[in-house]
Amino acid sequence: MTALVKNKKTTHEIELAGQLALLDLTGAMYLPAHDALLVADLHFEKGSSFARRGMMLPPYDTRETLVALCDAVFRFDPKTVIALGDSFHDIGGPERLGDEERTTLADVQAGRDWIWVTGNHDRVLPESIGGQVVEEMALGSLTLRHEPAAGDQAEIAGHLHPVGKVVMRGRATRRRCFLTDGQRCVMPALGAYAGGLNACDAAFKPLFPKGFTAHLIGSERIFAIAKSMLCRD
Amino acid sequence: MSDVPPSLLPKIFRDWFESRGWAPRSHQLDLLAKAREGRSVLLVAPTGAGKTLAGFLPSLVELTERGPSRGTAKEKRGLHTLYISPLKALATDVARNLEIPMAEMGLPIRVETRTGDTPSHKRARQIERPPDILLTTPEQLALLLAHAEARDFFKDLRRVVLDELHSLVTSKRGDLLSLGLARLMAIAPQVTAVGLSATVREPDELRRYLVPQRAAVSLPLAGRDEGWGSKSRSAVLHSDIAVADTTPSLAELSPSHTTPTPNPSPQGGGEIPMADLVVVQGGAQPDIRMLELDEPLPLAGHTASLSMPAIYDLIRAHKTTLVFVNTRLQAEYTFQELWRLNDDGLAIALHHGSLDVSQRRRVEEAMAAGKLKAVVCTATLDLGIDWGDVDLVVNVGAPKGASRIMQRIGRSNHRMDEPSEAYLVPANRFEILECRAALDAVHEAAQDTPDARIGALDVLCQHILGMACAEPFKLEGFYDEVSSAAPYADLSWEDFEACVAFVATGGYALRAYERFAKIVKGKDDLWRVRDARIAQQYRLNVGTIVESTMIKVRLGKSMRSRPGTVLPRGRILGEIEEYFAETLTVGDTFLFAGEVLRFEGISEDEALVTRAGSGTDPMIPSYEGGKFPLSTFLAARVREILADPFEWDRLPPQMTEWLLHQRRRSILPGPRDLLVETFPRANRFYMTCFPFEGRLAHQTLGMLLTRRLERAKLKPLGFVANDYGIAVYGTGDIAARAARDPDFLDELFSEDMLGDDLEAWLAESALMKRTFRQCAVIAGLIERRFPGEKKTGRQVTISTDLVYDVLRKHEPDHVLLRAARADAATGLLDVRRLGMMLERIRGRIIHKPLDRVSPLSVSVMLEIGRERVYSDDADEILAEAEATLLDEALA
C-alpha cells in the first residue's frame, strides 16, 4: 500500500522490562520475543464522527491510518497484532467503516492473531470486525491495557497520545512519541486525526515517578530525547 | 451659503451651518446632490475634510424631510441608513459625533450602534423597532443578514455608508462585506452606497466595490421575478474636483504635483459599473522631513536607538506627539528608551494591540483629555479615531508604504487647512533610502496602488451558510447575486458550486457525508439549512478575523520560602501570541508592557512572568516579523534611487559615502537587475542578493534557494532575510560552481522554483499550516476557538495540521487548499511577489564574485545571529536536542 522511503531508519531499539522492543516510525512497537506488533489509539472513523456534528473533516483519515498500520504489519509480518484500545473513535465507528477500508482491514488481519483491547472510545466492538476482543491482557511479564495504571507493574498502554515538544534556539517542533522509563511504555496514537497530549502534562507524572525518556518520531528516524529537553505547549 | 439651493439643503441645515459660522464644503454638497439623484458615490478625501458629516448628510436631510415617525404599529418604518465601520470603536465614536449636530438642529432621528458589546435585549429591540440609522461592523452585518427577519428588517433601507473603505477592501473582511452589500442590494433594490476613503491612487477599485457588477441579475429568491439589476447603475463620469474652502490646493503649492484625474469610467451602460466619484484635494502641504543625525546610522537593526534623544527633544518641544512604530516589540523598545531619557517626567504612554483592553482605554481617554505628551503606538491607532490635538507625528523605522505614511501623518493637526508636521526616523541605512522614497511620494501625493482583491473562497463558504440560515436559496439566483459583488465578479460557476458542496458535505470526491449534510437541497431545488443547531454554529463562527491564538501574560509572585517557585498571583499585563510564547524557554527575558519580563513558564494557559532585575537586557530579539512588507511601489523607488547617482545628492552624506564605497568594491545594480554577490568568510561561503521585495517574499525565496542548493550539493547551512535582501551560507563554494557553469545562477533563480520546490516545501511549512488553519476556521470546517476558552483536550479538538496533511495527500485541489494557496500567495509567504520578482530579473542577474563582504552585503549579514534562522525541518531540531543529551552524558 505504500512505498518505503529509502534510507529511512524505520526502527529504533529500546529495552522494555528486560526485553528488546523495536519502536517503529509509524508509531507501532514490535516485540520480537513474542512476535507481536502493538499499535495504540487508531481512532478509525474520527472524521465521520465529527461530520455527524457538522464538522466535515476530510473523510480519508481511516484510509490514512490503515496505510500506516498495513505498512508496519506487512514489514514485521508478526504472528500477533494487538491494538491497545480506542481503535474506533466511537461505538458507531465500525458500522460507518467504508467498504474499501473494511476489505483492507480484513486483508491485514488474515492469517494472524488479531486482538482488540477495548478503550474508553470503543468499549464495545461488534463481532463483524474480526479478531478477539479483550479488556486487558498479559504478554509474558508485561500487562497490556488501554489506560496506563500507576504502579510497579511492567506495562504497555496507550490512551494518552503523548507528544513531545522540543525548542532549540527559537525553532520548535512537536512530535508524537513513545514515553518509557524501562518498565512502562505509553505509546503514541497512530490515528491520522488523533491529536496529542504534551509529555510534560501532569497526567504522565504518576506513571513515571522517576522520569522518562521520550522517543520522538521524526520524519526519517526516531530520536531519544531527555525529559529535561522537552517543553510545555 | 446663499448659493446653496434650498431644494438641496433644507433651511434647518443651512441655519445650523450658519450658526456655527461654517459653510457646507463643496464636496459635501456635491455628494449630497448625487446621493439625492439616487446615485452611489465614492468620496475620496484626506483626514479632516469632514468626510463623516458628508457621508451622513444625505441621510440626515432625507430623514428630516420624512418627518418623525409617530411610532404607531401601522406606520412602523424600517431602517433608513446602515453605516459600516471596520472598528467597533469608530462606530461608537461616529455615533457620538453625529449626536451633536442632530441635537443642535433638533432632528428627530434615532441613531443606534450594534456591536459585539450591544446587550441582547437591545439587539432584539433593534430588530423589532429598527432605528433610522444603525452603525455597525461587517461581522454584525453578516449576522443581521443571516437572521430569518433580514428581509423585513432591511426592506426599507435607502443608504449604506461604508467608512474607511480603503482599509476594508484589502482584506477578507472586505470580501465578506462585499457579499453582504450584494445581499442588501438584492433585498432593497433602492439602496445606494456612499463610500468614504482616504486618498488612494486608483479609486476605480473602490468605485466598483460600491455598485453591483452585473448588468442584469435576478433575485435569489424563488417566487420573485423582478430583477433588481434592471435599473442601470453604471456610473457617469464626474470629473469636477472639489477644493475645500479657500485653502490652496496641493497642486498650487507644489509645482511638481500632477493633479490626479479620475480615470474615465464608462458612460451609462458601459462595461464596468462604477460609483460616481467626488475627490477632495489634499489640504496644506505636510511639513515632513527625515530626522538626520550627525553620527552614521548602523547598517542593520530596527531600534533607531541613536535617534531616541532627538525624538525625546521633539516630544518636549511639541504639545502632543504620536510616535508610530511598525511592530509591538518596537513599540515596547521605543517606549522604554524614551522613559530612560525622561528626566522631565513627561507623560509618555504606550498603546498597542496586545495590551490589556482596560490599559488601552485609559491611554485613549488620557489622550482625548489632552493629558498626554506623547503616545508610542502601532497600527492600532492607524484608523480614523479622533485624537484631539496632535501637533507632531514621528514615524520610527521604515515607512513601508506611501499610503500608510500619509495616513499616519494625517493623524496630526486633524484640520486639513493646517500643515501637518511629521518626522521620518530611519533606523538603518537602508531605511534612509526608504524614507527618502517615501518623502518623494508624499510630496508628489503619490500613493501605493492597492491590489484588486479576488474574493476569497473560504469567505464565500461562510457567506453561503449564513444565507442558508436566513432563507432558502436557489443556486442560479444566488450565484448572480454573489458575482455582483466586485471581488467575486469573476467567480466561476464551478468554484461557486464547489463552495456550496463544501458547505453541504465538505465537497469531497469521496461522498461519505451525504447523510450529515449541513445544507440540503429540497425537491423544489431550494437549499435549506438542516437544523437550528447548524445555524447556531454559523453564528458562533461568523467573521474573517482569526486571531492568532493569544495567551494572557500574568505577573507572578516569587515565593520567598521556596526560591524558584513562582505563583500566579499577580495581575494580567496583556496578551502575547501563542506562537511567540511557544518559542520562549524558562528564563528568557523579553520586553512587554514597557518592562523587561522574565518568562517563568506556562500555567493554565497563561504565560507566567516576573519582572527582570533592573538593567536586564531583553534576550529575545525585539524585532518580530515584517508585519507590513515594503510596498512594491516604494521598493521600485528605492531601487531607482540606488541605481541613480544623481539621486544621491538628496541623501545624507554618510549614505552617499556608503554607496560610493559599494560601487568601488562591487557594483550597484540597475533598477531592474538583481545583484548577487558571493564571497568566502571564516570557512563558509556566502551568497547575498538584493531583490527589495520585503521580508516575507525573501523568507520564501530563502527556503526555496536552500532546497535547490542542497540538491546541487552545495551544502547550505542556513539563511537570513530582511526587507531588502537575503544571505544564504553554507560549506559549498557557490562562486566556483557559477564559474564552472555560467547558467548556474540563472537556473538557481529560475521561476520554476515556484513549481515542485514550492509544493514540496508547502507540505511541511508551518506558515502554510497556519494559513490553512485560518481558511478552515473561516470556511467553517472547524470551530473557532475563543479567547479564554481552555484547550479542551486531545479528543474534542482537532488539529488542522493533521487535517492539512491528510487533505493534501488525498485531494490536493480541494477548495480549502485552493483558498489557502491563494492566501499564501499574498500573505505570510508572499509567493505572488516572489513570482513577480523572478520574472523581472530573468536574464538580469548580475553576479559579482568577491573576496570579502561588500558594504551592501554587510547589512544583511548583520542579521545573522540577530534573527532567527528559519527551518521547518523537524529532524534537524530533534537531532540537535538528542545531541545535547549525549553531550550532557559525556560531560
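Residues numbered from 1 in each chain as written. Chains lettered and ligands numbered in written order. Predicted model: local features only at pLDDT ≥ 70, side-chain atom pairs only at ≥ 80, totals over all residues.

Describing unusual backbone geometry
Selection rule: Secondary structure elements follow DSSP: runs of H or I no shorter than four residues count as helices, runs of E no shorter than two count as strands, and numbering proceeds from the N terminus. The burial criterion counts other C-beta atoms lying within 10 Å of a residue's C-beta, which is placed from the backbone; the residue is buried at 20 or more, exposed at 12 or fewer, and partly exposed between these limits.
Even without being a glycine, A17(A) presents a positive backbone phi close to 45 degrees. Relative to the elements of secondary structure, A17(A) occurs in the loop between β1 (11–16) and β2 (19–24). The backbone phi angle of D525(B) is positive, close to 65 degrees, even though this residue is not glycine. Along the polypeptide, D525(B) turns up in the loop between β15 (519–521) and β16 (527–529). Its 12 C-beta neighbours within 10 Å are what place D525(B) among the exposed residues.

Remarks on the pairing of strand β26 (residues 716–721) of chain B
All names here are of chain B. Where we set the bar: A pair of strands is treated as paired once DSSP finds two or more bridges between them.
Two strands pair when backbone bridges link them, and β26 and strand β27 (residues 726–730) are joined in this way by 5 bridges, in the antiparallel orientation. Note on β27: the bridge partner recorded for A721 is I726. In this structure, the hairpin formed by β26 and β27 is closed by a connection of 4 residues.

Quick look at helix α15 (residues 402–409) of chain B
Count 3.6 residues to each turn of an α-helix, and residues three or four apart come out pointing the same way. Residues and elements named next belong to chain B. Put simply, the rule reads: Two residues form a contact once the distance between their C-beta atoms, set from the backbone, is within 7 Å.
Burial analysis of α15 places 8 of its 8 residues in the buried class, the great majority of the element. Residues of α15 that are buried: A402, S403, R404, I405, M406, Q407, R408 and I409. If you follow the buried residues of α15, they end up packed against β9 (287–290), β10 (321–324), β13 (392–396), β14 (421–425), α16 (429–443) and α22 (632–643).

Here we look at the sheet that holds strand β4 (residues 36–39) of chain A
All names here are of chain A. Quick reminder of the rule: The axes used here are C-alpha line fits, helices contributing only the stretch in contact, and every angle between their N-to-C directions lies in the interval 0 to 180 degrees.
Spatially, β1-β2-β3-β4-β5-β6-β7 is the arrangement adopted by the 7 strands of the open sheet, whose pairing is mixed. The sheet terminates laterally at β1 and β7 (132–134), the two strands that pair on one side only. Adjacent strand axes in the sheet meet at a mean angle of 25 degrees, parallel and antiparallel pairs treated alike. Along the sheet, helix α2 (residues 61–76) contacts β2, β3 (29–31), β4 and β5 (80–83); its crossing angle with β4, the most-contacted strand, is approximately 165 degrees.

A look at the environment of W527(B)
Residues and elements named next belong to chain B. With respect to the helices and strands, W527 occurs in strand β16. The class for W527 is buried, based on 21 C-beta atoms found within 10 Å. Between the C-alpha atom of W527 and that of L433, which follows or precedes it by 94 residues, the distance is 57 Å. Dropping the residues within four chain positions of it, W527 is found in contact with A468, P472, F473, I519, V520 and K521.

Remarks on the interface of chain B and chain A
Defined as follows: When residues are grouped by polarity, Ala, Val, Leu, Ile, Met, Phe, Trp, Tyr, Cys and Pro land in nonpolar, Asp, Glu, Lys and Arg in charged, and all others, Gly among them, in polar.
On the chain A side, the residues contacting the 40 residues of chain B number 39 residues. For the side of chain B that touches chain A, the secondary structure elements donating two or more residues are α20 (532–541), β22 (595–603), α29 (800–810) and α33 (874–890) of chain B. By residue number, the principal contributor to the side of chain B that touches chain A is α33(B), which donates 10 residues. Residue composition of the side of chain B that touches chain A, by class: 20 nonpolar, 11 polar and 9 charged.

Examining the confidence of the model for chain A
How we decide: Residue-level confidence of the predictor is summarised by pLDDT, bounded by 0 at the bottom and 100 at the top.
Per-residue confidence for chain A gives a mean pLDDT of 92, with 95% of residues at or over 70. With pLDDT under 50 throughout, residues 1–7 of chain A is counted as low confidence; its partners more than four residues away or in other chains account for 5 contacts.

A look at the sheet that holds β14(B)
Residues and elements named next belong to chain B. Sheet architecture is open: 6 strands sit in the order β9-β14-β13-β10-β12-β11, paired in parallel fashion. Looking along the sheet, the strands with just one partner apiece sit at the ends: β9 and β11 (348–351). Direction aside, neighbouring strands of the sheet carry axes that sit 15 degrees apart on average. Relative to strand β12 (residues 374–377), β11 runs parallel, the two sharing 4 bridges. Note that in β12 the partner of I348 across the bridge is A374. Of the strands in this sheet, β10, β11, β12 and β13 are in contact with helix α13 (residues 328–341), which crosses β12 at around 150 degrees. Packed on one face of the sheet, α16 meets β9 and β14 and runs near 165 degrees to β9.

Let's talk about helix α12 (residues 308–317) of chain B
All names here are of chain B. Worth spelling out the cut-off: Picture the helix axis, draw a direction to every C-beta atom, and the arc is the one those directions span.
Residues of α12 that are buried include every one of I311, Y312 and I315, and no others. The arc enclosing the buried residues of α12, seen along the axis, measures out at 100 degrees, which places them on a common side. Of the residues in α12, the exposed ones pointing more than 90 degrees away from the buried face are D313 and A317. Tucked into the core, α12 has its buried residues touching β10, α13, β12, β13 and β14.

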